[in-house]
Amino acid sequence: MKYLLGIDIGTSGTKTILFDTAGNVVAFSTKEYPLYTPQNGWAEQDPIDWWEATKDTIQEVVTLSEVENEQIVGIGLSGQMHGLVMLDEKGQVIRNAIIWCDQRTARQCEEINRLVGKERHIEIAANPPLTGFMASKILWVRENESENYNRCKHMLLPKDFIRYKLTGIFATEVSDASGTGLLDVRKRCWSDEILEKLSIDKEFLPKVYESQEVTGTVMEEVAALTHLKAGTIVVGGAGDNAAAAVGTGVVSDGKAFVTIGTSGVVFAHTSQINIDPKGRVHTFCAAVPGAWHVMGVTQAAGLSLRWLKDQMCEEIKFQADEKGEDVYEIMTQMANQSPIGAHKLLYLPYLNGERTPHLDPNCRGVFFGISSVHTKKDFIRAVMEGVTYSLKDCLGIILEMGYSVDEMIACGGGGKSRFWRQMLSDNFDCNVQTLTADEGPALGAAILAGVGAGLFSSVEEACNKIIHKKSQQEPIVANTEVYEKYYKAYQGLYRTLKENFKDLAKL
């Protein structure tokens, strides 16, 4: 029997799962780590925390599974995208990683547009410069921490730092590299033109592979720490959403998924590259060779509900602990007791600025329409509806670009909620499906490892064998009509408040 290891280095923690070749979970382990916000709008993590979590969860999974380590034939990596990890000439971490949701680099994005040209940058990188992307972070460190920048010899994305710790190899792959702002997304290689105009040394960047290609093997000293077999292959893997696409079977035209994790994503596969000239959605290389994907991102999707839970729902958490129940399930039940529109309460989920469709690091979260009639149930529902409206913004642009969506898969923590899936179906006005497997990015990474190990001839073949549908929810026409009225009011709020957000940022 052969097995595959999928490792997902997320924002809240690392999840390591061992799968058999049919995609069944054999053993899994997760370990959380902190996020640091030294200033408003900043977000950092310690890469060593990721490595300790990875090392510990691999060891636990191998031990729990009782599988002989030579039967684990491949490892795939997935992870949070866009983060900047800086290493010195000895491979030591120089500073905390600046991660995807950090918003400090608005001025550097303007500088990139000036140096490269706004339209030209979109032509090459398929996306405008964004505060979350690696390129603007590199410029920020160069301008504000010259000593750290001068020490730097290697710049890696989060999952690729873990690859380095496992294999000693500096490498990345096309899907994650697409989110740096430095890749020629059409040609699937680093852009010499952008690097030259930004004065970034190409030698600092890792070699770029396709997602299923073998990038290295587990080192002897790591094998001793993790109980893996030395020489086990590690494939390119994929950024979290590209890996989730593989893990949900979204690997051919007409297929899409929506995920509600810390952030939220609407993601569609395409065999032909298609770039939004306004840069409102991202076009990245897919984890399938010769293919791409387009995706819209809501920065604070599940994060909005978690923020509400942590700041306003202490008694609900206490109740959940006493009953041994999931706090989010109780919150969802409460939201279901509030009507569509939450008694005319709207929520803008812009806690940390927003990507799609506004590309605005200055906008912030808003509750609009608060009155004495509102209860906690309404606030919970308003948050869930606001996140859903933001995801509808994403889907609208994708459809506007000419994509057709025949299948929509729901995944992520929010996708497990029948109530939230129905809300998505009603707002998207399409069927929303679930799958028998819900391991998403970790499964996708493992599938890529299986292709790299020669167990499958292609990513598409592997998905056809492993991914199976479970359930489907259809839109309720009456609900869709009511939601549409509130959605239009939601859209109008940002237009009204846009200049106010700028003023607030200057204070």
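Because the structure is predicted, anything quoted here is derived from the model rather than measured.

(A) Main features of the overall build of the protein chain. Of regular secondary structure, the protein chain possesses 19 helices and 24 strands. Computed over its C-alpha atoms, the radius of gyration of the protein chain comes to 22 Å, within 12% of the 23 Å expected for a compact globule of 507 residues. For the protein chain, the spread of C-alpha atoms along the three principal axes comes to 65 × 50 × 45 Å. Per-residue burial over the protein chain gives 60% buried out of 507 residues. For the protein chain, the proportion of contacts with a sequence separation of at least 24, taken over those separated by at least 6, is 71%. Approximately 19600 Å² of the protein chain is accessible, and the part contributed by carbon and sulfur atoms is 47%. A gap of 4 Å separates the mean positions of the 51 positive and 65 negative side-chain charges of the protein chain.

(B) Looking closely at the layout of surface pockets. When its volume is computed, the second largest pocket comes out at roughly 670 Å³. Residue lining of the second largest pocket: 28 residues in total, with L130, H358, L359, D360 and P361 positioned closest to the centre. Mapped by element, the contributors of at least two residues to the lining of the second largest pocket are helix 2 (106-116) and helix 19 (477-506). Considering every element that reaches the lining of the second largest pocket, the biggest residue donor is helix 19, with five residues. A class-by-class count of the residues in the lining of the second largest pocket yields 11 nonpolar, seven polar and 10 charged.

(C) Representation of the nonpolar core within the structure. Judged by nonpolar contacts, the single largest core of 56 residues is most densely connected at V266, I380, M408 and F428. A per-element tally of this core places helix 14 (residues 376-400) first, with 12 residues. Apart from the residues within four sequence positions on either side, V266 is in contact with F257, V258, V294, M295, G296, L391, C394, L395, I398, M408 and F428.

(D) Here's a closer look at the environment of I7. Structurally, the position occupied by I7 is in strand 1 (residues 3-9). On a C-alpha basis, the gap between I7 and I17 in space is 6.5 Å, while along the polypeptide they are 10 residues apart. The residues touching I7, leaving out its near neighbours within four places in the chain, are T14, K15, T16, T54, I58, I75, G76, L77 and S78.

(E) Quick look at helix 13 (residues 327-335). Taken together, the buried positions of helix 13 are V327, I330, M331, T332, M334 and A335. Packing partners of the buried residues in helix 13 comprise helix 11 (302-312), helix 12 (314-323), helix 14 and helix 16 (418-428). The N-terminus of helix 13 is capped by D326, whose side-chain oxygen sits 2.9 Å from the backbone nitrogen of Y328.

(F) Broad picture of the packing of helix 12 against helix 13. Contact geometry for helix 12 and helix 13: axes closest at 9 Å, N-to-C directions at 120 degrees. When the interaxial angle is binned, helix 12 and helix 13 end up oblique. The way helix 12 lies across helix 13 gives a crossing that is right-handed. Between helix 12 and helix 13, the contacting residues are I316, K317, Q319 and A320 on the first element and V327, I330, M331 and M334 on the second. Across the contact of helix 12 with helix 13, the residue classes tally to six nonpolar, one polar and one charged.

(G) Molecular detail of the pairing of strand 23 (residues 432-435). Across the two faces of strand 23 the burial is the same, with V432 and T434 and Q433 and L435 all buried. Across four bridges, strand 23 lies against strand 24 (residues 469-473) in antiparallel orientation. Within strand 24, the position partnered with L435 by the bridge is K469.

(H) Summary view of the packing of aromatic side chains. Under the counting rule described, the total for this entry stands at 13 aromatic pairs. With centroids separated by 4.7 Å and ring planes inclined at 15 degrees, the aromatic side chains of F257 and F267 adopt a geometry described as stacked. Of this pair, F257 sits in strand 16 (residues 255-260) while F267 sits in strand 17 (residues 264-270), and the two are 10 residues apart along the sequence. Both residues of the pair, F257 and F267, belong to the buried class. Geometrically, the ring pair formed by Y389 and Y490 is tilted, given 5.3 Å between the ring centres and 50 degrees between the ring planes. In this pair, Y389 sits in helix 14 while Y490 sits in helix 19, placing the two residues 101 residues apart along the sequence. A relative accessible area of 1% means that Y389 is categorised as buried. Grouped by ring-pair contacts, the aromatic residues Y389, Y483, Y487 and Y490 constitute a single cluster. Stacked on the ring of W42, the Lys or Arg R104 has its end atom at 3.7 Å from the ring centre.

(I) Local environment of the pattern of salt bridges. On inspection of all chains with the given rule, the structure shows 29 salt bridges. Between R120 and E193 there is a salt bridge, and its shortest N-O distance comes to 2.8 Å. Note that R120 is positioned in helix 3 (residues 118-125) and E193 in helix 8 (residues 192-198), a separation of 73 residues in sequence. Overlapping salt bridges bring together E44, R95, D102, R104 and E145 as one network.

(J) Structural detail: the side chain of D360. Structurally, the position occupied by D360 is in the loop between strand 20 (346-348) and strand 21 (366-368). The side chain of D360 sits in the buried core without any salt bridge; K498 is the nearest counter-charge, 6.2 Å away. Among the polar contacts made by the side chain of D360, one reaches the main-chain amide nitrogen of C363 at a distance of 3.4 Å. Leave out the neighbours within four places in its chain, and D360 touches G353, E354, Y494 and K498.

Reading guide: rules and limits
Residues numbered from 1 in each chain as written. Predicted model: local features only at pLDDT ≥ 70, side-chain atom pairs only at ≥ 80, totals over all residues. Heavy atoms only, no water. Helix = DSSP H or I, 4+ residues; strand = E, 2+ residues; numbered from the N terminus. Rg over C-alpha atoms; globule rule 2.2 N^0.38 Å. Buried < 20%, exposed > 50% of the residue type's maximum accessible area, 1.4 Å probe, protein only. Contact = heavy atoms within 4.5 Å. Areas by Shrake-Rupley, 256 points an atom, 1.4 Å probe, with all protein chains shown as cover. Lys, Arg positive; Asp, Glu negative; His and termini not counted. Charge placed at Lys NZ, Arg CZ, Asp CG, Glu CD. 1 Å grid on protein atoms, 1.4 Å probe; cavity = no way out; pocket = protein on both sides within 12 Å on 5 of 7 lines; lining within 4 Å. Points joined across faces, edges and corners; volume = space filled by probe spheres on them. Nonpolar A, V, L, I, M, F, W, Y, C, P; charged D, E, K, R; others polar. Core = buried A, V, L, I, M, F, W, Y, C linked by side-chain atoms within 4.5 Å. Polar contact = N/O pair within 3.5 Å; in protein donor to acceptor, adjacent residues only side chain to side chain. Axes fitted to C-alpha atoms, helices over the stretch in contact; angles between N-to-C directions. Parallel < 35°, antiparallel > 145°, perpendicular 65-115°, else oblique. Left-handed = near helix turned anticlockwise from the far one by under 90°. Pairing = 2+ DSSP bridges. Phe/Tyr/Trp six-rings, centres within 6.5 Å; stacked < 30°, edge-to-face > 60°. Lys NZ or Arg CZ within 6 Å of the ring centre and 35° of its normal. Salt bridge = Lys/Arg side-chain N within 4 Å of Asp/Glu carboxyl O.

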